[in-house]
Amino acid sequence: MATIISPLMPVIRPIIPHLRPLKKRFIAGETFTAALEAGIRLNDLGFSVIFSYAGEHQSDRFFIEKTAGIYRILIRHTKVLGLNADVSIKPSQLGAEHKRTIWKGIWPDEYPEIAHILKSGGADIVRVWFDAEYLEMRRDVFRLAIEGLSWADEVGMALQAYGAGGYDSVRFFQEAIAYHVRRLPAGKTFLLRICKGAYRDPLALASAKEISSRYAKLIDYAFDLALETRRRHGAVFYPEFATH
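Please read these numbers as outputs of a predicted model, since none were measured by experiment.

(A) The arrangement of the sheet that holds strand β5 (residues 189-195) in detail. Read from one edge to the other, the open sheet built from 6 strands follows the order β1-β2-β3-β4-β5-β6, with strand pairing classed as parallel. Across the chains shown, the open sheet's two edge strands, defined by having one partner strand only, are β1 (49-52) and β6 (236-241). Strand-to-strand twist in this sheet, taken as the mean axis angle between neighbours without regard to direction, amounts to 25°. In the sheet, β1 pairs with strand β2 (residues 85-89) via 4 bridges, with the strands oriented parallel. Among the inter-strand pairings, Ile-50 is bridged to a residue of β2, identified as Asp-86. In the packing of helix α4 (residues 61-80) onto the sheet, contacts are made with β1, β2 and β3 (127-130), and the angle to β2 comes to roughly 170°. Where helix α8 (residues 138-148) meets the sheet, its contacts fall on β3, β4 (154-160) and β5, and the angle it forms with β4 comes to roughly 165°.

Right, here's the structure in full:
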């Protein structure tokens, strides 16, 4: 979906028509209906799809609540239409980065928008992802994904391979992701989409060769963990891979 929910809309509106030929390569539809229709067509061709509502880094209460409502509707429509589709949420789009400093209590109370998306939107049927953010938010996104399993049976997150130093992605996989996956309760599925990373992040590796090496290691570790969880009954770890 291509709707941009930003206070800057009056400023950028005049140039939007000139950007349409470029953005159509990446945007399924400029309206809610168009995006769903594109998902149906792709399903008919044998593809699964991931729906995402464009936008991130929101702090305005009105836009946060509007976005949460759109995600709930999107999940319900995906469920009703029986689509083979995931829904991808950016926590910063729902104000996560502005609340990070007060994460001291119970998660649903701190993030009612996300809890309500998972609880009332039909996410017990539709797979919900927490999309990649800047590396300094990664542990917060991971916490959301793990605690989201309290409300949904299948929840996932994206993991960028380009984390450096204290944000080393391979170490994070081993110490955080693998640790929690091995302790998932029966009936729960944790999905992990591994990518190289696309942000200009000051905490990321600069070498493309080193990023590719970390990416390859993560793929190996992910397959090993998936096989390990298959030998256990109950919980499932399902890795996916993107090239960007």
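(B) Quick peek at the pattern of salt bridges. On inspection of all chains with the given rule, the structure shows 6 salt bridges. A salt bridge links Arg-193 to Asp-131, with the nearest nitrogen and oxygen atoms 3.3 Å apart. Here Arg-193 is found in strand β5, whereas its partner Asp-131 is found in the loop between β3 and α8, with 62 residues between them in sequence. Asp-131 gets classed as buried once you look at its relative accessible area, which sits at 17%. Residues Asp-168 and Arg-214 are paired through a salt bridge, measuring 3.3 Å at the closest nitrogen-oxygen approach. With a gap of 46 residues between them, Asp-168 in the loop between β4 and α9 (169-181) and Arg-214 in helix α10 (residues 208-231) connect regions that are remote in the sequence.

Quick notes on the rules
Residues numbered from 1 in each chain as written. Predicted model: local features only at pLDDT ≥ 70, side-chain atom pairs only at ≥ 80, totals over all residues. Heavy atoms only, no water. Pairing = 2+ DSSP bridges. Helix = DSSP H or I, 4+ residues; strand = E, 2+ residues; numbered from the N terminus. Axes fitted to C-alpha atoms, helices over the stretch in contact; angles between N-to-C directions. Contact = heavy atoms within 4.5 Å. Salt bridge = Lys/Arg side-chain N within 4 Å of Asp/Glu carboxyl O. Buried < 20%, exposed > 50% of the residue type's maximum accessible area, 1.4 Å probe, protein only.

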